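# Structure assessment
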Amino acid sequence: MLHVKANDQVLVLAGKDRGKTGRVLQVLSDRKRAVIERINMIYRHTRQNPQQNVQGGILEKEAPVALSNLQVICRECNQASRVGYSRLSDGKKVRICKKCGGTIDK
Ligand SMILES: [Zn+2]
């Protein structure tokens, strides 16, 4: 089980957007990376190509960030925290904030 899931608020620990927070759009579990809204933006310059009717310009998109560089922000204490795991009485596994002990998965 990965410590980051889609729609989490996360803190970026490394890279050019270090210290920023954002919402996880997608987790690429096989690559151990996540795409975060407006974080690690890359700009691809595309050339105009009349034959293929492609408009030239700058394409802006999020590049995936390694999961090891992300910390989940706990909604209970509003801090970026390491994640622990706990099993509920119904057998469901949930993520726990290591700072306040609150449940991250509601
Ligand atoms: Zn917490």
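Residues numbered from 1 in each chain as written. Predicted model: local features only at pLDDT ≥ 70, side-chain atom pairs only at ≥ 80, totals over all residues. Heavy atoms only, no water.

### Section: the coordination of the zinc ion
Binding of the zinc ion to the protein goes through Cys 74 (SG), Cys 77 (SG), Cys 97 (SG) and Cys 100 (SG), at separations of 2.2 to 2.3 Å. Viewed at the metal, the four donor atoms of the zinc ion are separated by angles of 106 to 115°, and the geometry they form is tetrahedral. Donor residues for the zinc ion sit on one chain with the sequence pattern C-x2-C-x19-C-x2-C. Judged by its relative accessible area of 1%, Cys 97 falls in the buried class. (Donors = N, O, S within 2.8 Å, 3.2 Å for Na, K, Ca; no water. Tetrahedral: all angles 85-135°; square planar, octahedral: opposite > 155°, others 65-115°. Buried < 20%, exposed > 50% of the residue type's maximum accessible area, 1.4 Å probe, protein only.)

### Notes on the pattern of salt bridges
The final tally for this structure, using the stated rule, is six salt bridges. Here Arg 23 and Glu 37 are joined by a salt bridge, their closest N and O atoms 3.5 Å apart. Here Arg 23 is found in strand 2 (residues 21-28), whereas its partner Glu 37 is found in the loop between strand 3 (33-36) and strand 4 (41-46), with 14 residues between them in sequence. Given a relative accessible area of 30%, Arg 23 falls into the partly exposed group. Close ionic contact of Asp 105 with Arg 95 constitutes a salt bridge, the shortest N to O distance being 2.7 Å. Pair noted here: Asp 105 is in the segment after strand 10 (93-97) and Arg 95 is in strand 10, with a separation of ten residues, a long-range link. (Salt bridge = Lys/Arg side-chain N within 4 Å of Asp/Glu carboxyl O. Helix = DSSP H or I, 4+ residues; strand = E, 2+ residues; numbered from the N terminus.)

### Some remarks on the domain arrangement of the chain
Split by domain assignment, the chain resolves into domain 1 (1-73) and domain 2 (76-106). Its C-alpha centre places domain 1 at a distance of 25 Å from the equivalent point of domain 2. Contact residues are listed per partner, giving ten residues for domain 1 and eleven residues for domain 2. With both chains or domains summed, domain 1 and domain 2 bury close to 850 Å², and 57% of this area falls on carbon and sulfur atoms. Considering only the surface of domain 1 that becomes buried against domain 2, Met 1, Val 72 and Ile 73 emerge as the three largest contributors, covering 55% of it. Counting across the interface, domain 1 meets domain 2 through two salt bridges. Between Asp 105 and Lys 5 there is a salt bridge whose closest N-O contact spans 3.6 Å. (Domains from an automatic or database assignment. Contact = heavy atoms within 4.5 Å. Buried area = accessible area lost by both parts, 1.4 Å probe.)

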